[in-house]
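# Structure assessment
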Amino acid sequence: MATSPTPTGSAAAADERRQHRRVLQALSGLLLGMFVSMLASTVVSTSLPVIVHDLGGDQAAFTWVVTATLLTTAISTPVWGKLADLFNRKLLIQLAIVLFVLATAAAGFSQDPGMLIAFRAVQGVGAGGLAALSQVIMADIISPRERGRYMGLFGAVMAVATVGGPLLGGLITDTLDWRWNFFIALPFAVAALVIQQRTLHLPARPKTKVRIDYLGIVLLSTAVSLLLIWVTGAGEDYDWWSTETILMVGGALAAAALFVIVELRSKEPLVPLTLFRNRTFTLAVVASIAIGIAMFGTSVFLSQYMQMARGATPTEAGLMTIPMIAGLLLASIVIGGLVTRHGHWKPYLIVGGVLLIAGSSLLSTIHYDTHFALVSLYMFLLGAGVGMTMQNLVLIVQNTAKPSEIGVASSGVTFFRSLGGTIGVSVMGAALASSATDLVADRHADIGAAIAGLGEKGAAIAQQLQSGAIPQVSALPESVRVIFEDIYAQAIAHSFLIGVPLSVLSLVAIVFLPNVPLTRMTTSERVNASEADLATVSTAEGMGALTATGTVTATAPTTDASRPADPQEQEGAADGAPAARR
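These remarks concern the structure in this document. Fair warning: this is a prediction, and the values are worked out from it, not measured in the lab. (Residues numbered from 1 in each chain as written. Predicted model: local features only at pLDDT ≥ 70, side-chain atom pairs only at ≥ 80, totals over all residues. Heavy atoms only, no water.)

### Here we look at the overall build of the protein chain
What counts, and what does not: We count a stretch as a helix when DSSP gives it H or I for four or more residues in a row; a strand needs E for two or more, and each element gets its number in order from the N terminus. Working definition: with a 1.4 Å probe on protein chains only, accessible area under 20% of the residue-type maximum means buried, over 50% means exposed, and in between means partly exposed. For this analysis, residues touch if any pair of their heavy atoms sits within 4.5 Å. For the accessible areas, the method is Shrake-Rupley and the probe is 1.4 Å, while residue cover comes only from the protein chains on display.
Tallying secondary structure elements over the protein chain gives 22 helices and zero strands in all. When each of the 582 residues of the protein chain is scored for burial, the buried share is 55%. A fraction of 83% describes how many contacts in the protein chain between residues 6 or more apart in sequence connect residues 24 or more apart. Carbon and sulfur atoms make up 66% of the accessible area of the protein chain, which amounts to about 24,200 Å² in all.

### A look at the environment of Ile291
Structurally, Ile291 is set in helix α10 (residues 279-308). Measuring from C-alpha to C-alpha, the distance between Ile291 and Arg417 comes to 6.6 Å, with 126 residues separating the pair along the chain. Among residues more than four places away in sequence, those in contact with Ile291 are Leu356, Val386, Thr389, Met390, Leu393, Arg417 and Ser506.

### Re the packing of α10 against helix α14 (residues 372-400)
Rule in force here: All axes are obtained by fitting lines to C-alpha atoms, using only the stretch in contact for helices, and the reported angles, taken between N-to-C directions, cover 0 to 180 degrees. What sets the label is the angle itself: under 35 degrees gives roughly parallel, over 145 gives roughly antiparallel, 65 to 115 gives roughly perpendicular, and the rest give oblique. In this scheme the handedness of a crossing depends on how the near helix is turned from the far one: anticlockwise by less than a right angle means left-handed, clockwise means right-handed. Amino acid classes used here: Ala, Val, Leu, Ile, Met, Phe, Trp, Tyr, Cys and Pro are nonpolar; Asp, Glu, Lys and Arg are charged; the rest, including Gly, are polar.
Taken N-terminus to C-terminus, the directions of α10 and α14 make an angle of 150 degrees; their axes are 9 Å apart at the nearest point. When the axis of α10 is compared with that of α14, the two are roughly antiparallel. Between α10 and α14 lies a crossing whose hand is left-handed. Across from Thr280, Phe281, Ala284, Ala287, Ser288, Ile291, Ala294, Met295, Thr298, Leu302, Tyr305 and Met306 in α10, the residues of α14 making contact are Phe372, Val375, Met379, Leu382, Val386, Thr389, Met390, Leu393, Ile396, Val397 and Thr400. Here the residues of the contact of α10 with α14 sort into 18 nonpolar, five polar and no charged.

### Points about the pattern of salt bridges
Stated formally: For this analysis, a salt bridge means a side-chain nitrogen from Lys or Arg found within 4 Å of a carboxyl oxygen belonging to Asp or Glu.
One pass over the structure, following the stated rule, counts three salt bridges. One salt bridge in this structure joins Arg481 and Glu485, with 2.7 Å as the shortest N-O distance. Of this pair, Arg481 and Glu485 both sit in helix α18 (residues 478-496), separated by four residues, roughly a single helical turn. Summarising the burial analysis for this pair, Arg481 and Glu485 share the class buried.

### Some remarks on helix α16 (residues 444-452)
Quick reminder of the rule: Along the arc lie the directions from the helix axis toward the C-beta atoms.
For α16, the complete set of buried residues consists of Ile447, Ala450 and Ile451. Buried positions in α16, seen along its axis, are confined to an arc of 95 degrees and lie on one side of it. Every exposed residue of α16 that faces more than 90 degrees away from the buried side is listed here: Ala445, Ala449 and Ala452.

### Examining the packing of aromatic side chains
Under the convention used in this document: Any two rings among Phe, Tyr and Trp, with Trp reduced to its six-membered ring, count as a pair given centres within 6.5 Å; such a pair is stacked if its planes are under 30 degrees apart, edge-to-face if over 60, and tilted if neither.
Within this structure, the stated rule accounts for four aromatic pairs. Between Trp178 and Phe182, the ring centres sit 6.3 Å apart and the planes meet at 80 degrees, which makes this aromatic pair edge-to-face. For Phe182, a relative accessible area of 2% corresponds to the buried category.

Right, here's the structure in full:
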């Protein structure tokens, strides 16, 4: 008599439900930690023009308040990723949360732009840990193929933080005081730490001898910092071609060259250059740079556009940037589900690259009186492009990386995305400041006539405008306000042009990515399979031996009988080279 398959099917379904429940429990603290990071970052985004104005900062200070965080995030991300391969990942992400929130709270007591920039820099170190470790831990508990199933949860967290953060920040700034924006994340941070301690249980990792590449950290920091300082001051504090340029650019190039030499010789490099032998990693890095510029640069200056070119309050600016966030969330959730259901990822990445180009190009055409429906459409296209590409690039890198290098591979992509955003914000801010200065000079006669028409009030307005600080455009008299709205709209639109050629480069890199199927195994399962010499992570020689027997069947701990072979092997075959020996 044939045995009924019902009990087996019921047991499998029950096992799947238990596994799903365990994943949700583990994700709860991780999601709350991500929420803390995003909330603390987004809650001040719409308030920055007011904050910098109150602290007496200029456009360069505005740029550096953002750039300082992005710079330290970029530099610290590979450090955290390396630590994730050496230490307890749960403890590391808890330390990152504590550091991030304490620095954020300290920024609320800033008395001048320099103090704010310093605390924002420390905040970036914690943000780098959260960015790198969240990706690494997700790979520990969720396989690449199943990742899309949980994108709805990540989308919900992103929705609340990215939409609610700016709205809450604007409301606090308009009704209370902007300093309270920096304290709002504290109770959520405490809750995240408690929940992570109770629910986040990661597989034990073998103890290894720890080597930290301190020299690499110093050289990388020096190279990136010199480059950004040069971009910020060039054309204003000194000429583009000057002694300062030669010293700073030359110093950055020398530090970068030394960094490469040190990484090649180090036993535990900060960024293992051998990763670039993996074509997927290399092309994902190229694509991530442009995505960083689109994600960080445009979001920062769109908020400034809403307040300085359209006269919006911080609260209104938060509402007006919702179309971009909506595009990002809808694309990431929908595409994540499709990737899990069908296993195909490359077509969505290509469409995302096209949308990045379209959004960046169209945003470079906006004026102060452009119909807001068009601006909303442009923002939605850009957000959808970011949503389709950002997480999927990390996903495919994790899919082909060695299990022992998941930390540095994941953080490597995140690092270059943050680095692209850092350089992008710095370059866009410098371009904005230069364009605004030139446009003010061109409209000098119009501004003078408008101020003269104000009578006695004109002297105070003229003194405010000549101070060098960012003006509060919405508070200016109508005749002067219209002129400055036009000036800042043109300057911000010009800065958006910088992202267009890089978006094209990103699409080219995506097109040439190897189309490797996604594995259904988590990082922990791949490690166990490697130790058992199973087919998913065996060497090319081992696979050949298994095939040659004709009677030996290699199996893996997975519920899918049609699971593809090791992604790294498949990529090696696609490149015409054997897979690297584990």
